[in-house]
Amino acid sequence: MTSITILIISRDPEIHATLQEAMDGNPICSPDVTTGSKAARECLLAQGYDLIIIDDRNTGPPSGDILQEIAALRPAPTVILIRPEASVLQGLLPNEPLIHEIIGWPPSPASLQSCLRRALERCLLISEKNKLEQHCRCHTIFSNIAGHSTSMKELMDTLTSLAEGKGSILITGESGTGKELAARALHSLSERSAGPFRRLHCPSMSEDSLLEDLCPSSATKKTETSFEKAKGGTLFLDEIANIGPAVQEHLEYLMTAGPPDTPRILMSTNQDLSSKTETKLFRSSLYEKIRAGHLHLPPLRKRPEDIPPLAHYLLEKQCHKLKKPGKSIAPELMKRLMAHPWEGNIRELENTIIHGILFSSTQKIGTEDVQLSGPRPVGPCSAALHQANYKDAKEEALKGFNQIYIGRLLKRSKGNISLAARACGLERQALQQIMKRYDISPGPYRPRTGCEGGYPD
Ligand SMILES: Nc1ncnc2c1ncn2[C@@H]1O[C@H](COP(=O)(O)OP(=O)(O)OP(=O)(O)O)[C@@H](O)[C@H]1O
């Protein structure tokens, strides 16, 4: 049976007793009682409530501060306000939209019963609606996550239960294992799913701007900080391993004593934070806090049984995205995919599939349509290179690598730069810059007439 969590905020023991008596015998009620605003705040931080009853009789204007904090809670609770009897009739209250029922005190037993009944019915309906929405969300979210190995099933279970909590979560795993996908799933499955999801890519920000962005408000920043934009939702700090000491300290403050409207904080890393704490590069007190909620994504090579479902899922997804007719994977290619070590994990698999879609000329993608072993290292062993200084030798090796690698891409794309860029996971402009730097022209790879199957850029 659904149980309704209730918080009664009142200094008056008579109110506690009367309300508890009115609810007595109702098995769905489990009221917590608190006497002052400070204790109430602690309760609100610790858990979510379906129903909050606030005694507002002796405090002048209706408890503005606490009401403001309640207004920021997600999901929004049902709120009952207890007022001195006379003031019930005194027009609208400043926070009227937040308040669902007002009880004039002392109430008649009948009016108290009916007010509580209405509020509890409302809470039950909201809880049923939330459950249904959660069920639909799970279905949609999990249909975007492929893989049915035992480790993937365990991962889904951990993800679902972590999503239901309120604490911060650390997502670890090698590059390309799906950490960002997991962060988005955690947000979508959480009770904050209606709120915003903001991602901060830590390595691409300076310590100062990261610090500024993590502030509830910042005098120096003209635009809203990411913290503000993520209020009521989730803030995802991607790649936190190298954040500076000041950011680490502020993060720890947010996680321990941040304001109640602090967004839920998710973090990711592909590094070993525990060894970073040993070398004092990462605050051990922060590490202890963030690893309390931990989700680890195993590398693809440790779950080869996930490769076929992932390959099929990514094939369908990318054919749709690239507006290509449905294709299939030849059995020989699937065998090669299963045997490949996938150091770049699912992102590498996805890029391989994109390559196959773009370069296969039939409906079936075969081994000849993909590049699994990557280009062979070029030139570094030549005698001439060994005589050059390090900088020149490196530049020469890079030139050779780029000419062969990009040359092969352009050959396959018949000189089409956009297509070549997409196949290797670069932006068109970035590929063009590299081509310019290493003096690579698409001309020789283009068909001689405009109608020999070349693609317009
Ligand atoms: N289980 C999965 N099912 C379907 N697609 C997946 C799965 N895991 C990852 N992907 C896809 O693989 C790609 C890489 O995933 P993502 O960006 O989440 O990895 P990451 O671990 O955050 O990578 P990085 O550390 O390099 O930032 C994305 O396109 C993502 O949608």
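It should be noted that the structure appears before, not after, this text.
Residues numbered from 1 in each chain as written. Predicted model: local features only at pLDDT ≥ 70, side-chain atom pairs only at ≥ 80, totals over all residues. Heavy atoms only, no water.

Let us now look at the site of the ligand. Residues in contact with the ligand amount to 19 residues; listed here are only the nearest, A146, S175, K179, R347 and E350. One of the backbone nitrogen or oxygen atoms of E180 is found 3.0 Å away from an oxygen atom of the ligand. Note that an oxygen atom of the ligand is positioned 2.6 Å from one of the side-chain N or O atoms of E350. Across the complex, the protein chains shield 87% of the 630 Å² of accessible surface that the ligand would expose by itself. Elements with a contribution of two residues or more to the shell around the ligand: α6 (179-189), α12 (307-321) and α14 (345-359). Tallied by class, the residues present in the shell around the ligand amount to 7 nonpolar, 5 polar and 7 charged. (Near = heavy atom within 4 Å. Polar contact = N/O pair within 3.5 Å; in protein donor to acceptor, adjacent residues only side chain to side chain. Areas by Shrake-Rupley, 256 points an atom, 1.4 Å probe, with all protein chains shown as cover. Helix = DSSP H or I, 4+ residues; strand = E, 2+ residues; numbered from the N terminus. Nonpolar A, V, L, I, M, F, W, Y, C, P; charged D, E, K, R; others polar.)

Before going further, it helps to spend a moment on the side chain of N402. In this fold, N402 is placed in helix α16 (residues 390-412). In contact with N402, other than residues within four places in its own chain, are G407, I434, Y438 and I440. (Contact = heavy atoms within 4.5 Å.)

What follows covers the environment of A421. Among the secondary structure elements, A421 is positioned in helix α17 (residues 417-424). Of the residues examined, A421 reaches a relative accessible area of 1% and is grouped as buried. Separated by 12 residues in the primary sequence, A421 and L409 place their C-alpha atoms 8.3 Å from one another. Setting aside residues up to four positions removed in sequence, A421 forms contacts with L426, E427, R428 and L431. (Buried < 20%, exposed > 50% of the residue type's maximum accessible area, 1.4 Å probe, protein only.)

So, on to the sheet that holds strand β9 (residues 264-269). Sheet strands pair by backbone hydrogen bonding; their relative direction is either parallel or antiparallel. Strand order in the open sheet made by the 5 strands is β7-β8-β9-β6-β10, with parallel pairing throughout. Sheet topology places β7 (197-201) and β10 (294-297) at the edges, where each strand pairs with a single neighbour. Across this sheet, the average inter-strand angle for adjacent strands is 20°, counted without regard to direction. Packed on one face of the sheet, α6 meets β6 (169-173), β7, β8 (234-238), β9 and β10 and runs near 155° to β6. (Pairing = 2+ DSSP bridges. Axes fitted to C-alpha atoms, helices over the stretch in contact; angles between N-to-C directions.)

Okay, the pattern of salt bridges next. Taken as a whole and assessed by the stated rule, the structure comprises 17 salt bridges. Measuring nitrogen to oxygen at the nearest pair gives 3.0 Å for the salt bridge that ties D238 to R199. Remark: R199 occurs in strand β7 and D238 occurs in strand β8; sequence separation between them is 39 residues. Looking at D238, the relative accessible area reads 9%, which means it is buried. Given a relative accessible area of 37%, R199 falls into the partly exposed group. Across the pair R303 and D306 runs a salt bridge whose closest N-O atoms are separated by 3.0 Å. The residues R303 and D306 share a single accessibility class, namely buried. Each of E180, R184, R199 and D238 takes part in a single network of salt bridges with overlapping partners. (Salt bridge = Lys/Arg side-chain N within 4 Å of Asp/Glu carboxyl O.)

Right, let's talk about the packing of aromatic side chains for a bit. Going through the model one piece at a time under the given rule, you end up with 2 aromatic pairs. Aromatic side chains F197 and F236 sit 6.1 Å apart centroid to centroid with 35° between the ring planes, which places their arrangement in the tilted category. Of the two residues, F197 sits in strand β7 while F236 sits in strand β8, which places them 39 residues apart along the sequence. The two residues F197 and F236 agree in class, both being buried. On the basis of an interplanar angle of 20° and a centroid distance of 5.3 Å, the ring pair of F401 and Y405 is categorised as stacked. Of this pair, F401 and Y405 are both found in helix α16, 4 residues apart, which corresponds to roughly one turn of the helix. (Phe/Tyr/Trp six-rings, centres within 6.5 Å; stacked < 30°, edge-to-face > 60°.)

What you see with β10 is a clean split: L295 and L297 sit on the buried side and H294 and H296 on the side with no burial. Pairing of β6 with β10, which is carried by 4 bridges, proceeds in the parallel orientation. For L170, the partnering residue across the bridge sits in β10 and is H294.

It is worth spelling out the nonpolar core at this point. The biggest cluster of nonpolar side chains holds 37 residues, and the ones touching the most others in it are I329, L337, L349 and I353. The dominant element in this core, judged by the number of residues it contributes, is α14, at 7 residues. Excluding its chain neighbours within four sequence positions, the residues that come into contact with I353 are A311, L314, L315 and I329. Counting 22 residues, the second-largest nonpolar core is a separate cluster that includes F227, A241, L251 and I265. (Core = buried A, V, L, I, M, F, W, Y, C linked by side-chain atoms within 4.5 Å.)

On to the sheet that holds strand β5 (residues 101-105). Within the open sheet, the 5 strands sit side by side as β2-β1-β3-β4-β5. Their pairing is parallel. Every interior strand has two partners, whereas the edge strands, β2 (29-34) and β5, have only one. Geometrically, the sheet is characterised by an average inter-axis angle of 20° between neighbouring strands, direction not taken into account. Alignment of strand β4 (residues 78-84) against β5, held across 5 bridges, turns out to be parallel. Across the sheet, the residue bridging to L81 is I102, located in β5.

Once that is clear, we can look at the pairing of β4. Here is the key point about a regular strand: its side chains alternate between the two faces of the sheet. Counting buried positions along β4 gives 6 out of 7 residues, so the element sits mostly inside the fold. One ladder, built from 5 bridges, connects strand β3 (residues 51-55) with β4; its direction is parallel. Note on β4: the bridge partner recorded for L51 is T78.

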